[in-house]
Amino acid sequence: MQSFNAILEELASFSEAYGGVLEVFVVIFAALLSAYILNRFFDRLEKRFAGTHNRWDDTLLQAGRKPAIHFIWAVGIFWALDILHQHSNSALFNAVEPARRVVVIVLLTWFLARLVRGGEHLLCDPARTAAPMDETTARAVSKLLRASIIITASLVTLQTLGYSVSGVLAFGGIGGIAVGFAAKDLLANFFGAMVIYLDRPFSVGEWVRSPDKDIEGTVEEIGWRMTRIRTFDQRPLNVPNSTFVNIAVENPSRMLNRRIHETFGLRYADADKMKTIVDDVTAMLRAHPEIEHEERVLIVNFNSYGPSSLDFFIYPFTKTREWIKFHEIKQDVLLKVYEIIRRHGADIAFPTSTIQIEREIGPEGAPAAAG
């Protein structure tokens with residue numbers, strides 16, 4: 001009996017000495033096991049959602065997967081800290097409760113930001129959406145929503161930590177005036193970005209150029225401070241957004257057609273063949289499968305008497321807007337025009353000069369030497 005009581009006393013002393021450690025170990029192991037089970041559960045949901053037609057469930061799953069697993073870990077860690085707090089009176093454990101609230105706010109903010117980003121990709125993906133949203137608009141809305149989420153989460157965090165939100169807002173209003181004067185260029189770029197997002201003179205992936213500035217290339221990204229353009233020689237060009245408010249911007253990507261405007265000069269000896277050539281060139285362009293002549297103007301006319309040629313011009317529009325294909329069509333048209341000219345026995349004129357020499361008559365009727 002005495003030996004049994006001794007064993008119980010030893011177990012009691014061991015429990016007092018190491019019981020907290022064992023409880024912490026059990027809690028951490030339970031958190032690890034729960035995170036593993038939750039991860040496998042998400043794997044099964046992902047396979048099931050992949051077979052459905054609703055794409056929002058996939059977006060919601062991907063947005064909540066990592067925050068949920070980190071939430072399990074946070075619950076286990078804070079539970080273990082509470083157990084250690086019962087066996088210790090350290091002042092450091094007073095920060096556990098505020099830290100728990102801040103972690104919950106951070107995880108919720110992370111989930112909402114991931115959900116907004118996933119919704120942006122979903123709305124812009126033509127493979128997942130029947131009517132994809134414009135990429136520029138989707139990015140603008142996504143950035144505004146994420147900024148709103150982060151600002152709101154920051155204010156809630158400050159309120160949780162005991163700071164006065166009204167005081168912070170008042171300080172922000174006063175400081176905002178000073179910051180506005182100090183960062184007027186930054187604000188100009190910000191409002192320039194707002195103008196781009198609202199007016200949408202161009203979008204990501206489109207070809208833009210400006211006759212006022214040396215700007216030409218493909219838009220890669222529209223940020224809040226600057227727009228990144230990839231020039232045709234593959235150089236990145238970063239343009240402040242305020243620049244687009246004060247310059248003219250062309251958007252060739254939104255052209256309806258591309259225009260061919262070329263002038264041909266015939267020899268003066270081929271003047272009698274001009275009308276026939278013009279008529280044949282007009283017929284060729286009207287019959288060309290890549291030339292738009294029903295909805296766009298098509299002009300072929302004798303234009304002027306040049307210094308050494310009789311000039312006529314062609315003014316058709318192609319059906320395509322693609323740069324490479326346009327030049328292929330233009331090449332075909334130019335070659336066919338030359339074939340028509342040669343078929344009529346005419347030729348392209350080249351610059352020529354005619355020199356007229358006058359000879360003077362001497363006093364006795366003999367021709368004098370030329371001057």
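In this numbering scheme, every chain counts its residues from 1 along its sequence in written order. Since the coordinates come from a predicted model, pLDDT governs what is reported: local features require at least 70, and pairs of side-chain atoms require 80 or more to be given and counted, while whole-chain, interface and lining totals use all residues. Where side-chain values are given, they derive from all heavy atoms of the structure, hydrogens and water being excluded.

## With respect to the nonpolar core
At step 1: In this text, buried Ala, Val, Leu, Ile, Met, Phe, Trp, Tyr and Cys residues form a nonpolar core when linked through side-chain atoms within 4.5 Å. For every residue, the accessible area (1.4 Å probe, protein chains only) is compared with the maximum for its type, and the residue is labelled buried under 20%, exposed over 50%, or partly exposed between those bounds. V281, L285, F312, I314 and V333 are the most contacted members of the largest nonpolar core, which has 22 residues in total.
At step 2: Working definition: helices are DSSP H or I runs of at least four residues, strands are E runs of at least two. Numbering for both runs from the N terminus. At the level of elements, β6 (262-266), α8 (274-287), β9 (310-315) and α9 (323-343) are the ones that each hand at least two residues to this core.
At step 3: Residues count as neighbours in contact if any of their non-hydrogen atoms are within 4.5 Å of one another. Among residues more than four places away in sequence, those in contact with V281 are V300, F312, I314, V337 and I340.
At step 4: Core analysis: the second largest hydrophobic core is formed by 14 residues, Y197, I222, F244 and I247 among them.

## Focus on the sheet that holds strand β8 (residues 299-305)
At step 1: DSSP-based pairing: two strands are paired if at least 2 bridges between them are found. Across the sheet, three strands lie side by side as β6-β9-β8; this open sheet has antiparallel pairing. Both edges of this open sheet fall to β6 and β8, since each of them pairs with a single strand only. Taking the axes of each pair of neighbouring strands and ignoring which way they run, one obtains an average angle of 25 degrees across the sheet.
At step 2: In this sheet, β9 lies alongside β6 in antiparallel orientation, the contact comprising five bridges. Orientation is described by lines fitted to C-alpha atoms, with helices fitted over the stretch in contact, and by angles between N-to-C directions that extend from 0 to 180 degrees.

## Some thoughts on a positive patch on the surface
At step 1: Only residues whose relative accessible area exceeds 30% and that form no salt bridge are eligible for patches; like-charged ones are grouped when within 9 Å, while nonpolar side chains (Val, Leu, Ile, Met, Phe, Trp, Tyr) are grouped when within 5 Å. The accessible surface values rely on the Shrake-Rupley method and a 1.4 Å probe; as for residues, cover is taken only from the protein chains in view. What counts as a salt bridge is simple: a side-chain nitrogen of Lys or Arg found within 4 Å of a carboxyl oxygen of Asp or Glu. Under the convention used here, Asp and Glu are negative, Lys and Arg are positive, and both His and the chain ends fall outside the count. Here the site of a charge means NZ on Lys, CZ on Arg, CG on Asp, or CD on Glu. Taken together, the side chains of R40, R44, K47 and R48 present a region of like positive charge at the surface.
At step 2: Along the chain, R40 falls in helix α1 (residues 2-50).

## Things to note about the packing of α8 against α9
At step 1: α9 packs onto α8 with a crossing angle of 145 degrees between their chain directions and a minimal axis gap of 10 Å. In this structure, α8 meets α9 at a crossing whose hand is right-handed. Residues I277, D280, V281, M284 and L285 of α8 form the contact with α9, whose own contacting residues are V333, K336, V337, I340, I341 and R343.
At step 2: In this classification, Asp, Glu, Lys and Arg are treated as charged, Ala, Val, Leu, Ile, Met, Phe, Trp, Tyr, Cys and Pro as nonpolar, and every other residue, Gly included, as polar. Looking at the contact of α8 with α9, its residues break down into eight nonpolar, no polar and three charged. Each crossing gets its handedness from the near helix: less than a right angle anticlockwise from the far helix is left-handed, clockwise is right-handed.

## With respect to the pattern of salt bridges
At step 1: Scanning the entire structure with this criterion turns up 17 salt bridges.
At step 2: The residue R65 makes a salt bridge to D43 at a minimum N-O spacing of 2.3 Å. Note that R65 is positioned in helix α2 (residues 56-86) and D43 in helix α1, a separation of 22 residues in sequence.
At step 3: Of the charged contacts, one joins R235 and D233 as a salt bridge, the two residues approaching to 2.7 Å between their closest N and O atoms.
At step 4: Residue D233 is classed as partly exposed on the basis of its relative accessible area of 47%.
At step 5: A network of salt bridges, in which partner residues are shared, links E220, E221, R228 and R230.

## Concerning the pairing of β9
At step 1: Across the six residues of β9, six count as buried, placing the element largely inside the fold.
At step 2: The alternating pattern of β9 places L310, F312 and I314 on one face and D311, F313 and Y315 on the opposite face, and all of these are buried.
At step 3: In the sheet, β8 pairs with β9 via six bridges, with the strands oriented antiparallel. Pairing of S304 across the sheet is with D311, part of β9.

Take it as geometry only, folks, not as evidence of what the structure does.
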